[in-house]
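Analysis of the macromolecular model
Each chain, written out:
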Amino acid sequence: MNALASPTVRQPISLGGAGGFGIVPVNEISIAVRTEQLRAVFRQLPISFAVNLVNAALTAIVLSTIGAPRASLVWFSLVALVTAVRWVLWRRYRRSGSGSEHDLLWSRLAVCGSVLAGSCWGFGGMLLFPLVPTSGQIFLTFVIGGMCAGTVVLNASHLPTLLAFLLSASLPMAVRFFAEGTTADSALGAMIVVFATALSLAAAHLNQFFTESMRLRFELNEANIRLQAEISEHRATEAALRQAQKLEAVGQLTGGIAHDFNNLLTVVIGNLALASGRASENSNILPLLQSASRAAERGVALIQRLLAFARKQRLDARSVDLGALVGGIEELLQRTVGPAINLEISTDADLAPAHVDANQVELAILNLAINARDAMPVGGTLRISLCNQRTDRSSPTELTPGNYVIVAISDTGTGMDEATLAQVFDPFFTTKEVGSGSGLGLPMVQGFAGQSGGAVRIRSKPGLGTTVELWLPQAVEPPLGTSGDRTSRLPVPQGTATVLLCDDDHDGRRFVGELLKSSGYLVREASSAGAAFRILEDRAEVDLLIVDYAMPGINGLEIIREAWHRHPSLKTLLITGDTDAVSDGGAGVPLLRKPFGPAEFSQTVAEILAA
């Protein structure tokens with residue numbers, strides 16, 4: 001009996017192998033259907049072997065008891081031999097790992113096996129027919145007819161195999177009846193031909209139903225996979241949109257408050273620095289001033305983290321040798337993580353330079369190292385590895401195609417579950433105790449990476465540690481060093497210049513004026529643009545114009561342009577705490593961002609006057 005197959009396929013396939021449906025292109029669906037039809041045949045061959053052997057054994061027993069024992073035994077042996085050959089074929093198919101590229105060969109072998117099995121019944125029945133009495137002939141005819149009818153249902157999945165058995169089992173008996181020449185025998189032969197034709201048509205109909213069902217399953221599966229991909233993409237888009245909305249909300253909040261906070265912190269930090277310098281002999285007051293200064297500096301750091309998350313910080317991107325940078329802060333990192341944690345650093349020999357802000361990279365690595373330290377309270381290993389990588393399918397989706405440098409920081413700490421991992425980049429989210437973290441470390445790193453044209457990817461499992469990959473764009477020019485090359489500090493001139501200071505904020509103007517006077521400059525103050533222009537029109541000798549950006553009715557950049565129109569050689573300095581102050585059109589205007597300390601301000605003024 002041929003392989004059993006049913007119109008319902010229980011094991012889905014893919015073109016790449018068994019085990020599940022894959023996305024099947026429309027032009028390959030027919031190939032996939034044929035592959036599954038063939039698999040259905042071979043999948044049911046063991047049942048076919050059993051049916052053939054059992055039916056042949058019962059037939060041989062019946063025929064041997066009524067007149068043809070030796071011929072029945074020879075015929076059964078032949079059936080058993082054919083079954084053994086087909087069993088070997090089935091084993092070879094199972095071990096070969098079926099694939100569509102070999103379908104034609106296995107299909108031909110399956111048809112050959114079906115022809116041999118059908119011929120055993122057809123030609124065997126034709127030879128046994130005259131050796132048995134009428135009762136045996138009737139029995140043999142019914143058995144062969146039943147085998148032919150059964151194969152229509154059992155082999156509906158693969159029409160060539162079905163027809164091979166049906167025709168080779170039925171037509172020899174029809175020829176045998178036609179050869180007798182009698183009217184009754186000819187009628188029996190004609191009936192067998194009609195029976196075989198009807199079964200063939202029924203088989204073709206069932207095979208068509210099976211084929212269309214399989215084709216529909218593949219098409220539905222392909223549509224389902226596309227739908228799942230679209231749903232996943234939609235969810236990812238929604239998540240990205242929510243993150244972008246959070247980013248925009250924090251950005252708007254940060255942009256709105258950064259200017260005011262920077263102005264306040266400039267006055268606070270500057271006055272504390274001045275007070276600390278004047279109270280150096282009073283040991284009771286100095287610690288209090290220093291403590292207040294440290295608190296103010298933490299406020300500056302918090303504002304900078306918010307700006308980094310909102311991607312509004314000012315970056316000084318250039319070509320940086322990250323291997324040298326990490327090597328330069330290795331001692332700092334070891335002191336930061338403590339002696340209980342083993343620090344390992346590995347760098348590719350051909351590591352390319354990255355186009356980044358070196359200071360921000362150091363802060364990002366330090367942030368990640370602190371997080372890793374906190375995840376290993378009893379000690380462990382912190383690994384920092386640097387390597388080159390080109391984008392591929394496994395890269396973060398937000399990256400543009402190109403070459404990147406990956407800074408991977410791995411720890412052997414407690415790790416995070418999926419729920420925690422999904423929130424690590426949310427602003428102010430932290431797993432640390434209250435007061436132990438601001439929840440802006442990872443968001444700051446993500447914001448810096450995104451603003452630099454890179455991305456951050458994090459992997460973690462509870463008990464297996466965490467790995468954070470910082471993808472940074474490669475630079476095309478040679479590295480310039482690991483930290484900003486500072487110009488040599490110029491001596492601050494004493495009382496050799498007149499400075500016009502324009503700021504509508506009384507406290508800010510008073511602080512900056514105090515700094516200028518302490519350096520020996522002659523200071524003229526103006527609280528508005530009109531007052532500044534009047535001083536300039538009085539033809540007072542002004543060497544430097546310092547203007548705050550946020551002025552009522554007119555911004556500082558416009559004041560400088562108007563001042564240049566009147567006095568082209570006038571030197572200027574724009575000070576601002578607004579992160580978006582000079583987004584464009586500020587070329588050629590020296591800029592000092594708030595908050596700044598006395599030393600930084602004095603050095604900047606000295607450099608501008610000496611230029």
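Residues numbered from 1 in each chain as written. Predicted model: local features only at pLDDT ≥ 70, side-chain atom pairs only at ≥ 80, totals over all residues. Heavy atoms only, no water.

Points about the pairing of strand 6 (residues 380–390)
Here is the rule we go by: The criterion for strand pairing is that DSSP finds at least two bridges linking the strands in question. Strands are runs of DSSP state E lasting at least two residues, helices are runs of H or I lasting at least four, and both sets are numbered from the N terminus onward.
The sheet contact formed by strand 4 (residues 341–347) and strand 6 spans seven bridges and is parallel. Residue pairing for strand 6: Ser346 is matched across the bridge by Ser385.

Section: the pattern of salt bridges
The cut-off we apply is this: Any Lys or Arg side-chain nitrogen found within 4 Å of a carboxyl oxygen on Asp or Glu counts as a salt bridge. Each residue is placed in one exposure class: buried if its accessible area under a 1.4 Å probe, protein chains only, is under 20% of its type's maximum, exposed if it is over 50%, and partly exposed if it falls in between.
Applying the stated criterion across every chain yields a total of nine salt bridges. Across the pair Glu331 and Arg335 runs a salt bridge whose closest N-O atoms are separated by 3.3 Å. Of this pair, Glu331 and Arg335 both sit in helix 10 (residues 330–337), four residues apart, which is roughly one turn of the helix. Of the two residues, Glu331 and Arg335, both sit in the exposed class.

Comments concerning the sheet that holds strand 4
Quick note on the threshold: Helix axes use the C-alpha atoms of the stretch in contact, all axes being lines fitted to C-alpha atoms, and the angles between their N-to-C directions lie in the range 0 to 180 degrees.
The sheet built from five strands is open, its strands ordered 4-6-7-9-8 with mixed pairing. Each having just a single partner strand, strand 4 and strand 8 (455–460) make up the two edges of the open sheet. Sheet twist, expressed as the mean angle between neighbouring strand axes with direction ignored, is 15 degrees. Relative to strand 9 (residues 466–473), strand 7 (residues 403–411) runs antiparallel, the two sharing eight bridges. When the sheet's bridge partners are listed, Asp411 is paired in strand 9 with Thr466.

Observations regarding helix 4 (residues 103–128)
Definition in use: To estimate how far a helix should extend, the number of its residues minus one is multiplied by 1.5 Å. Here the bend at a residue is taken as the angle between two axes, fitted respectively to the seven residues that end there and the seven that start there.
With 26 residues, helix 4 extends 37 Å from end C-alpha to end C-alpha; this agrees with the ideal 38 Å at 1.5 Å per step. Its axis deflected by about 30 degrees at Ser119, helix 4 carries its strongest bend there.

Brief notes about the sheet that holds strand 11 (residues 522–526)
Ordered by their spatial adjacency, five strands build an open sheet running 11-10-12-13-14, and the pairing between neighbours is parallel. One side of each edge strand has no neighbouring strand; the edge strands of this open sheet are strand 11 and strand 14 (591–593). Neighbouring strand axes in the sheet, compared pairwise and without regard to direction, differ in orientation by 20 degrees on average. Relative to strand 11, strand 10 (residues 498–502) runs parallel, the two being bridged by five bridges.

A closer look at the environment of Val326
We apply this condition: Residues are treated as being in contact if the distance between any of their heavy atoms lies within 4.5 Å.
On the secondary structure map, Val326 appears in helix 9 (residues 322–328). Residue Val326 is classed as buried on the basis of its relative accessible area, which comes to 1%. Measuring from C-alpha to C-alpha, the distance between Val326 and Ile345 comes to 8.3 Å, with 19 residues separating the pair along the chain. Every residue in contact with Val326, bar those within four places of it in the chain, is listed here: Ile345, Ile365, Ile384 and Leu386.

Observations concerning the packing of helix 10 against helix 11 (residues 358–374)
Quick reminder of the rule: Angle categories are assigned with fixed cut-offs, so that under 35 degrees is roughly parallel, over 145 is roughly antiparallel, 65 to 115 is roughly perpendicular, and the rest are oblique. A crossing counts as left-handed when the near helix is turned anticlockwise from the far one by less than a right angle, and as right-handed when that turn is clockwise.
At a minimum axis separation of 9 Å, helix 10 and helix 11 run at an interaxial angle of 30 degrees. Classified by the interaxial angle, the pair formed by helix 10 and helix 11 is roughly parallel. By crossing handedness, the relation of helix 10 to helix 11 is classed as right-handed. Across the interface between the two elements, Leu333, Thr336 and Val337 of helix 10 pack against Ile365, Leu366, Ala369, Ile370 and Arg373 of helix 11.

Here's the deal with a nonpolar patch on the surface
Condition: Within this analysis, patches are made of residues with over 30% relative accessible area and no salt bridge. Like charges are joined at 9 Å or less; nonpolar side chains (Val, Leu, Ile, Met, Phe, Trp, Tyr) at 5 Å or less. For accessible areas, the Shrake-Rupley method is used with a probe of radius 1.4 Å. Any residue's cover is judged against the shown protein chains and nothing else.
There is a patch of nonpolar side chains on the surface, built from Leu167, Leu171, Phe178 and Val193 and spanning about 300 Å² of accessible area. No other element matches the three residues that helix 6 (residues 159–180) contributes to the nonpolar patch. Position of Phe178 among the secondary structure elements: in helix 6. With a relative accessible area of 40%, Phe178 lands in the partly exposed category.

Quick word on the packing of helix 15 (residues 529–537) against helix 16 (residues 556–566)
Formally: For this scheme, ten residues count as nonpolar: Ala, Val, Leu, Ile, Met, Phe, Trp, Tyr, Cys and Pro. Four count as charged, namely Asp, Glu, Lys and Arg, and the remainder, Gly too, count as polar.
In the contact formed by helix 15 and helix 16, the axes pass within 11 Å of each other and the chain directions differ by 15 degrees. When the axes of helix 15 and helix 16 are compared, the pair comes out roughly parallel. For the element pair helix 15 and helix 16, the recorded crossing hand is right-handed. Contact residues: helix 15 offers Ala529, Phe533, Leu536 and Glu537, while helix 16 offers Ile559, Glu562, Ala563 and Arg566. Classifying every residue of the contact of helix 15 with helix 16 by side-chain character gives five nonpolar, no polar and three charged.

Brief notes about the pairing of strand 12 (residues 544–548)
This is how the line gets drawn: Seen with the strands pointing away from the viewer, any crossover whose path from the first strand over the helix to the second strand runs clockwise is right-handed.
In terms of burial, strand 12 is largely enclosed, as five of its five residues are buried. In strand 12, alternate side chains face the same way, and those of Leu544, Ile546 and Asp548 on one face and Leu545 and Val547 on the other are all buried. Examined bridge by bridge, strand 10 and strand 12 share four bridges and lie parallel to one another. Its bridge partner lying in strand 12, Cys502 is registered against Val547. Two elements, strand 12 and strand 13 (residues 571–576), share five bridges in a ladder whose sense is parallel. Of the residues in strand 13, the one forming a bridge with Leu545 is Thr572. Handedness of the crossover is the feature at issue here: the chain leaves strand 12, passes through helix 16, returns alongside strand 13, and the resulting connection is right-handed.

With respect to helix 14 (residues 506–518)
With 13 residues, helix 14 should cover 18 Å at 1.5 Å per step; its first-to-last C-alpha distance of 18 Å lies within 8% of that length. Taken together, the buried positions of helix 14 are Gly508, Arg509, Phe511, Val512, Gly513, Leu515 and Leu516. Looking one or two residues beyond helix 14, the residue adopting positive phi is Gly520, at roughly 95 degrees.

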